[in-house]
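Examining the three-dimensional arrangement
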Number of protein chains: 2
Amino acid sequence: MTMTQRTVYLGFLGCGNIGGGVYHLLERMQDDLAVRFGLRFVVKKALVKSIAAARKDIPAEVYTESAEDIFGDPEISVVCEFMGGAEPAATFMAEALRRGKHVVTANKVAFANHWDRLQEAADAGHAGLYYEASVGGVIPIIRTMTEAMEADRVSEVMGIINGTTNYILTRMSREVSSYASVLADAQKLGLAEPNPSADVEGTDAACKIAILASLAFHGRVRVDSVYTEGITKVTVEDIAFGREMGYTLKLLAIAKRTAETVEVRVHPTFLPDGHPLARVDGSLNAVFLRGESGKDIMLQGRGAGEEPTATAVVGNILDAVLSSRPARPTFRVTAENAFAITDNWVTGFSIRLRAVDQPGVLSRVSECFAREGVSIATMMQKGAAEDGWVQLVLVTHPTHEQSLRAALAALDNAICVPQSVIRVEE
Amino acid sequence: MTMTQRTVYLGFLGCGNIGGGVYHLLERMQDDLAVRFGLRFVVKKALVKSIAAARKDIPAEVYTESAEDIFGDPEISVVCEFMGGAEPAATFMAEALRRGKHVVTANKVAFANHWDRLQEAADAGHAGLYYEASVGGVIPIIRTMTEAMEADRVSEVMGIINGTTNYILTRMSREVSSYASVLADAQKLGLAEPNPSADVEGTDAACKIAILASLAFHGRVRVDSVYTEGITKVTVEDIAFGREMGYTLKLLAIAKRTAETVEVRVHPTFLPDGHPLARVDGSLNAVFLRGESGKDIMLQGRGAGEEPTATAVVGNILDAVLSSRPARPTFRVTAENAFAITDNWVTGFSIRLRAVDQPGVLSRVSECFAREGVSIATMMQKGAAEDGWVQLVLVTHPTHEQSLRAALAALDNAICVPQSVIRVEE
C-alpha cells in the first residue's frame, strides 16, 4: 500500500532520560511508522534549563530555553512533557493544552495533583491529554481502564506499581538482609534515587493509585485522600514470620469500591504465596483489576526504564496524531457517581508484639482485642522468653481498620507492646 | 456534568450465549453508560434461524429471521456478530461493513480466515471492524497490540490462548490422570465441547495466533500457515518426566520474528517452572509479548465465559460509537514488511524413546542425533529394563526442527523407538 507522508512536529518540555529515549525511539521507528501510518515525526523544539548543559546526543539547534518557542509555534501539534515534578510542569502543560496542542506526559506527580486543571485546559483548547506512561511503565493500564474496562464496573484495583520498593522487598526476603543495606545497595546500582523518599515512603505509588482509582470509579480521588504507608519500617523478622504463615510481603496500592464507599490505600501487605501478585518480583510492576462482570485481568511488565517508558510515550503520541479518543473525562464527579472515601476499610491484620512472659497474658491480650470486636484467627509465640518478654504474632480475621487501632491503643503497654502491624489481603 | 442522550441502535447476527450476555450487560450498564458517555443502547433486531426456538429472555419482537431487516435498517449503526463458524458469518459481516455499519465480532474462525475480505468491505463502507473478543476473552490483547505496541517492534508473542486445553493439562498434571478421563470429566462439567476437536487439536489456538502474529509483524499470517499440534497425544508420563526436569507442560501458541523469517506454531511445550506462563493454570488465558525496546508485557485473565466475553464486545461497541480509531490495517503486507514463514525454527526438544537394553545403544542413539547436528543436553534412563527394553528421555540443546526430524527418521527402530517429542521453550 502506498501512503502519503505527513510530518508531525513535536515539542518537548524537558529533555532528560525519558525525553532522550523518546527522541531516539522515534528515530529508530521512523521507517516503521512511515510504512504503518504514513507519518514522519520531527522533534522541532526541546525546552531545557540550559542549552549548554543539555544532553549532547541531540542536535543543539533543537534546544531552546524559551517555552514560548514551543507554545507559540503553530506547526507543533503535540507537546511531550518530561520535566517531572508538579510545577512548573503542570502550568506549562495547561498552557500548551489551552493553545490547542495535544499533551503527552509521563509525570504522575503533576498529573495526579493537577488533573482537574489540566482537563479544563484540554477542554478549553479542544486538545487531548495523554498519560499512559504516568502509571505502570510499559503496562498499558490507562488504556485498559479507559477503554477495555468501560463496559464493566470495576470493583477493585490492586497493584505493585513502584518498581524500586518491589525490588527492595524482593531482595530483603531473598537475602534476609535489612532494609537499610538493600536500599544502600540499590542506590549504588542506580535502582533507587539518591533521595529515595518518594518511592520508599509510598508517595509515588499514592499518586499512581489516585489516578487508577479515579478512572476505576469514575470519580475524582485526590492524592491526599490516599492512605499512604511506605516500606521504611519493614523488618526482616516481619518478612520471615510472614513466610512461615504462607504470606509474601509486597507494597500494594489498593482501591476498592463497596456499596457506599471507596477505599484507596498504599501500604506493606501480606499476600498468600499463591496470589498472582505475590510472584511479581524484582522491579516488575503488575496491576490486578476486578470487574463486576467477572472481568478479572492482570497486567504485568517492566515498571520503569528509559526505553520501555519511551514506547508508552510514543504510543500516546500516535494516539494523539491518529486522533483516537482523547483520554475521556471519566473522573468528573457527578451526582450519579459521587462517592465517599472511607478510612475504615475491612482487612486482615498481622500484628507482631512483645508481651510479658507470665500466665494469663495471652488471655488479657486477646480480651483487649475482643473488646473492640477484633477476632483473632491465629496467635503464635515466637522464640523463647528474653529478659521476661516473649514475641507474639497474631493474625486477625477481616476487621475494621478503626477497631484494630482502638484495640492497639487500649493495650496495656506494661504487659504488651506492639512491634509492627501489617495488613493482610486474601 | 449534564450530557445530551444519544440513542445507538444495534443489530445482532445470531443470539446465543454471548449475544444474550451482551444484551443483558447493556441493560445492566445502561445507567453507567448514560452518565459516562450520554449514550443509550437499543438492540433493535437480532437475526436468528428460528424465532420460535430463540432464547426467551429477550423480547420476541427483537427477533427476525431476515438479515435484510438489519442490513437495510439505516438506524442500525453497529452490527454484532455472534453466529460462530466461518460461513455465513463472514459473508454477513462483509455485507454489513459494505453498507457502512461498524461490525463487532467475537468470531475468530470467520475473522482469521476472511480478514482480507472483511477489511476490504470495511474500507469500502468506511466502517470499523472490531474483534477484541476474538482472542483472549477478557484480556485486552488486540488493543494492546494495535495501540500500546505500535511504538515498538514486537519480536515474540507467546500465549496460552485456549482455556479448555489449559484446564485439561492442568488437571492431568495435578491429578496424574489420563487425557481421556480428564476430557470426559471436562465435558460433563460443560468445560469442553461435546465435539472438542477445535480446542484439543489446536485449531482454535491456531486461528487466534494467526491474528496475533499478523498484528505483531504487520504482515498477513494465514491460519493454514500455522504449524498446529494439539494435546490429544499428551501422556501422564510426559508430564511426569517433564516435572522431574523442572518443566511444566502447556499448549503454547508461539509467534517469533527473526532477521529473515517468521515462525508461527501451536504445540504442547515444556516451560521452565519459573516461567510466568508456567503458572497460568486452569481455564485462564495469558499472553506474553516481547518488544525490541524492552517492552515485555504479560496479560492474564479469564479466557472465556459469557459475561466476561460480553464485556469485551461491549467495549468494542463503545469504540465504534465513540469513533475511536477503527482497527488499523496493520496486517497488510507491503514491500517493507513482507516476510517468509519458516517451518524450520530453532527450539529445544524433549524426546522420550524406548531403546534395547544392551551395551552401546546409548552411543548409537546419540551418534544418530550427532550426525544431524543435534546436540544432546541431557539423557536419562527411566526405570528398569522391561522385556529387554528401557525407557530413555533426551533433552536437546536448541536445534533446528528439520534436523531433529531427520535424526528421528534415521533412528534404527530395531534398537530404539521414539514415544513422544515435546518442544522446549526457555
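Each remark here, short or long, concerns the structure printed above.
Since we're looking at a predicted model, the values are computed, not measured.

1. Here we look at the pairing of strand S1 (residues 6-13) of chain A
Residues and elements named next belong to chain A.
- Relative to strand S2 (residues 39-47), S1 runs parallel, the two sharing 8 bridges. Note on S2: the bridge partner recorded for Gly 11 is Lys 45.
- Note that S1 and strand S4 (residues 76-81) share 5 bridges and pair parallel. Paired with Leu 10 across the two strands is Val 78, which belongs to S4.

2. Some remarks on helix H5 (residues 108-125) of chain B
Residue and element names in this part refer to chain B.
- Taking 1.5 Å per residue, 18 residues should reach 26 Å; H5 reaches only 22 Å between its end C-alpha atoms and comes up short.
- At His 114, H5 shows its maximal kink, close to 85°.
- For H5, the set of buried residues is Ala 110, Phe 111, Ala 112, His 114, Trp 115, Leu 118, Gln 119, Ala 121, Ala 122 and Gly 125.
- Buried-residue contacts for H5 involve helix H4 (89-98), strand S6 (129-130) and helix H10 (203-217).
- Where H5 begins, one side-chain oxygen reaches toward the backbone nitrogen of Val 109, 3.1 Å away; that side chain belongs to Asn 107.
- The positive-phi residue at the C-terminal boundary of H5 is His 126, with phi of around 50°.

3. Examining the interface of chain A and chain B
- With 47 residues of chain A at the contact, the number on the chain B side is 47 residues.
- In total, chain A and chain B occlude about 4,300 Å² of area from one another, counting both sides; carbon and sulfur atoms represent 54% of this.
- Linking chain A with chain B are 6 salt bridges, by the criterion used here.
- Its salt-bridge partner being Arg 143 of chain B, residue Glu 147 of chain A comes within 2.9 Å of it at the nearest N-O pair.
- The interface formed by chain A and chain B includes 14 residue pairs in polar contact (both at pLDDT 80 or more).
- If you list the elements that add at least two residues to the side of chain A that touches chain B, you get helix H1 (17-28), helix H2 (30-37), helix H6 (141-146), strand S12 (297-302) and helix H12 (306-321) of chain A.
- Residue contributions to the side of chain A that touches chain B peak at 8 residues, all from H12 of chain A.
- In terms of residue class, the side of chain A that touches chain B is built from 18 nonpolar, 11 polar and 18 charged.
- In the sheet, S12 of chain A pairs with strand S12 (residues 297-302) of chain B via 5 bridges, with the strands oriented antiparallel. In the strand pairing of S12 of chain B, Gln 300 of chain A is matched with Met 298 of chain B.

What counts and how
Residues numbered from 1 in each chain as written. Chains lettered and ligands numbered in written order. Predicted model: local features only at pLDDT ≥ 70, side-chain atom pairs only at ≥ 80, totals over all residues. Heavy atoms only, no water. Pairing = 2+ DSSP bridges. Helix = DSSP H or I, 4+ residues; strand = E, 2+ residues; numbered from the N terminus. Expected span 1.5 Å × (residues − 1). Bend = angle between axes of the 7 residues up to and from the residue. Buried < 20%, exposed > 50% of the residue type's maximum accessible area, 1.4 Å probe, protein only. Contact = heavy atoms within 4.5 Å. Polar contact = N/O pair within 3.5 Å; in protein donor to acceptor, adjacent residues only side chain to side chain. Buried area = accessible area lost by both parts, 1.4 Å probe. Salt bridge = Lys/Arg side-chain N within 4 Å of Asp/Glu carboxyl O. Nonpolar A, V, L, I, M, F, W, Y, C, P; charged D, E, K, R; others polar.

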